[in-house]
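Analysis of the macromolecular model
The lines below spell out each chain.
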Amino acid sequence: MKILITGATGFIGRQAVLHLRDRGHEIAVLTRDPEKAPVRLPIACPLFLWPGAEHPPPREAFEGIDAVVHLAGENILGRWTAAKKKEIIRSRVDSTQQLLAALMDLPHKPSVLVSISGVGYYGDRGETPLDESAGRGQGFFPDLCRQWEQEARNAETLGIRTVQLRTGMVLGHDGGAMRVMLPPFRLGLGGKISSGRQWLSWIHIRDLAGLILHAIKNDSVTGPVNAVSPNPVTNAEFTQTLGKALKRPTPFPVPAFALELLLGEAGRVALDSQRAVPQKALESGYAFEFPQLRAALTDICARRDHELLMEQWVSRPVDEVFAFFSDAKNLERLTPPHLSFKVLSQSTEKLQEGTRIDYKLQLHGISFHWQSLIHDWQPMTSFSDTQTRGPYKKWDHTHTFIEQDGGTLIRDHAWYRLPFGVPGDAVAYPFVKKDLEKIFGYRHARVRELLGE
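Scope of this entry: the structure provided in the associated data block. Note that this is a predicted model, so its numbers are computed, not measured. (Residues numbered from 1 in each chain as written. Predicted model: local features only at pLDDT ≥ 70, side-chain atom pairs only at ≥ 80, totals over all residues. Heavy atoms only, no water.)

Here we look at the overall build of the chain
Secondary structure assignment for the chain yields 14 helices and 20 strands. At 23 Å, the chain has a C-alpha radius of gyration in line with the 22 Å of a compact globule built from 453 residues. Along the first, second and third principal axes, the C-alpha set of the chain runs to 70 × 60 × 40 Å. Residues counted as buried form 50% of the 453 residues belonging to the chain. Across the chain, every contact between residues at least 6 apart in sequence was considered, and the portion connecting residues at least 24 apart equals 69%. Carbon and sulfur atoms make up 53% of the accessible area of the chain, which totals about 20,600 Å². Of the side chains in the chain, 54 bear a positive and 51 a negative charge, and the two mean positions are spaced by 6 Å. (Helix = DSSP H or I, 4+ residues; strand = E, 2+ residues; numbered from the N terminus. Rg over C-alpha atoms; globule rule 2.2 N^0.38 Å. Buried < 20%, exposed > 50% of the residue type's maximum accessible area, 1.4 Å probe, protein only. Contact = heavy atoms within 4.5 Å. Areas by Shrake-Rupley, 256 points an atom, 1.4 Å probe, with all protein chains shown as cover. Lys, Arg positive; Asp, Glu negative; His and termini not counted. Charge placed at Lys NZ, Arg CZ, Asp CG, Glu CD.)

Given below as structure tokens:
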């Protein structure tokens, strides 16, 4: 199938496009920033500019599309000021209206629209189990979900099957709620929120990606679907399980008043109790990879490294592309000038298994010496470079070259860890991530100039 996705560069979107592509589906993406999207997306795919909720998406993006997955939306984390609320509504409700207007004009329409919503639809419901037939709650977030879902359901009038995935807390590595929660919990400073008796509906990000594909493929799945694990937990149980997964105590509860003082209305919503159950998902035959919280958190907590994954297709044959990247001097051509990057020495005349390369570079006015070891050398296929001396605690970068469509697909997959442990990571990671996006964005543009695209 050919699937068009919005919000693909976000936390959920990146996992969704990988999951769908790896199962043989063709992906196209609507994005606000086609220049940065190639670095933020883990796959190479067609990109179409969609400036935002006040603009219609381009008609050409829908050519040959079988399904649309609408994930775009302003991050709800943080204090809900009047301006923040307006942007949250605009990015979800108005963008869906624009999407529907584009679908209305198509002579050949996709068969299904899968849109994201949230179990916040139900409001604060205590211990009551909530399947998809449960009524809507009261307040800003339930009302937002109602408007959001209603706009998506309007696609039914066009003969398009619609599915609204009501997500709980999405748990995954390197993003979402866990990105905020893990640093204090790793330091032994975590604890339950308020009494801890409020129910928490959650889902592992791989299961959410799996449910997106399940909703696309199964004609019997329609309307709202609770995209949550079949085993919700209380906040106290979640806290205890996370502490066990990290082998850390959790002695510091967060008082309700402190959360409300920090986040206002958003803090009060964080205290809501929602015991949602995925009745439709189970009845339609979806098998959860992570039905139990302990296995989900163990999987996530075991991943200490950050990940960078990107692809780029060029029109040159694989032997030329491999030769270009296996010449260390070309690194200088692919690195932004402000880094003052220079190769100092190379232990062998040509790159091969065991070659050591010494570089120097400058970042934010600080000079660094970096040494890399080349390993897993597979001519015309792949090689890896690992930092043996440099600014990272760990840097391991695999370059893969795949013959595809008369050219070469270049895949970069790096695992890295920052120095100074959890505190250093918590402070520096957002800045390092931005720096890497700029560096690899520059490289993407230079490869396009030098090798063609």
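Now, onward.
Points about the nonpolar core
Judged by nonpolar contacts, the single largest core of 39 residues is most densely connected at Ile3, Ile5, Ile27, Val69, Val114, Leu165 and Ile216. A total of 7 residues in this core trace back to one element, the largest contributor, which is helix H6 (residues 205-217). Apart from residues lying up to four places away in sequence, Ile3 is in contact with Leu20, His25, Glu26, Ile27, Ala28, Ile65, Ala67, Val69 and Ile216. In this structure, Val39, Val321, Leu334 and Tyr429 belong to the second largest nonpolar core, which totals 34 residues. (Core = buried A, V, L, I, M, F, W, Y, C linked by side-chain atoms within 4.5 Å.)

Thoughts on the layout of surface pockets
Considering only enclosed or pocket space, the second largest pocket measures out at about 900 Å³ in volume. Those elements giving two or more residues to the lining of the second largest pocket turn out to be helix H13 (330-334), strand S16 (356-363), strand S17 (366-378), strand S18 (382-389), strand S19 (394-404) and helix H14 (421-451). Looking at the lining of the second largest pocket, the element that brings in the most residues is H14, giving 9 residues. Taken together, the residues that form the lining of the second largest pocket break down as 28 nonpolar, 6 polar and 4 charged. (1 Å grid on protein atoms, 1.4 Å probe; cavity = no way out; pocket = protein on both sides within 12 Å on 5 of 7 lines; lining within 4 Å. Points joined across faces, edges and corners; volume = space filled by probe spheres on them. Nonpolar A, V, L, I, M, F, W, Y, C, P; charged D, E, K, R; others polar.)

A look at the environment of Gly354
Within the fold, Gly354 resides in the loop between strand S15 (342-346) and S16. Separated by 23 residues in the primary sequence, Gly354 and Trp377 have C-alpha atoms spaced 8.5 Å apart. Apart from residues no more than four positions distant in its own chain, Gly354 is found in contact with Ser347, Leu373 and Ile374.

Description of the packing of helix H3 (residues 82-104) against helix H4 (residues 140-153)
One can describe the packing of H3 onto H4 by two numbers: an axis separation of 8 Å at closest approach and a directional angle of 10°. It follows that H3 is roughly parallel to H4 by the angle criterion. Every residue of H4 that contacts H3 at Lys85, Ile88, Ile89, Arg92, Val93, Thr96, Gln97 and Leu100 is listed here: Phe140, Leu144, Gln147, Trp148, Glu151 and Ala152. When its residues are assigned to classes, the contact of H3 with H4 shows 8 nonpolar, 3 polar and 3 charged. (Axes fitted to C-alpha atoms, helices over the stretch in contact; angles between N-to-C directions. Parallel < 35°, antiparallel > 145°, perpendicular 65-115°, else oblique.)

Details of the pattern of salt bridges
Summed over all chains, the structure comprises 22 salt bridges. When the shortest N-O distance is used, the salt bridge between Glu74 and Lys84 registers 3.4 Å. Taken together, the residues Glu74 in the loop between strand S4 (67-70) and H3 and Lys84 in helix H3 connect sequence positions 10 residues apart. Of the residues examined, Glu74 reaches a relative accessible area of 25% and is grouped as partly exposed. For Glu320, the salt bridge identified is with Arg316, shortest N-O distance 3.3 Å. (Salt bridge = Lys/Arg side-chain N within 4 Å of Asp/Glu carboxyl O.)

Re the sheet that holds strand S5 (residues 112-118)
With respect to topology, 7 strands assemble into an open sheet ordered S3-S2-S1-S4-S5-S7-S11, the strand pairing being parallel. The sheet is open, and its two edges are formed by strand S3 (47-49) and strand S11 (223-227), each paired on a single side. Here the strands of the sheet are splayed against their neighbours by 20° on average, with no regard to which way each runs. Examined bridge by bridge, strand S1 (residues 2-6) and strand S2 (residues 26-31) share 5 bridges and lie parallel to one another. In the sheet register, Ile3 faces S2, and the bridge partner there is Ile27. H3 contacts S2, S4 and S5 of the sheet and is inclined by roughly 165° relative to S4. (Pairing = 2+ DSSP bridges.)

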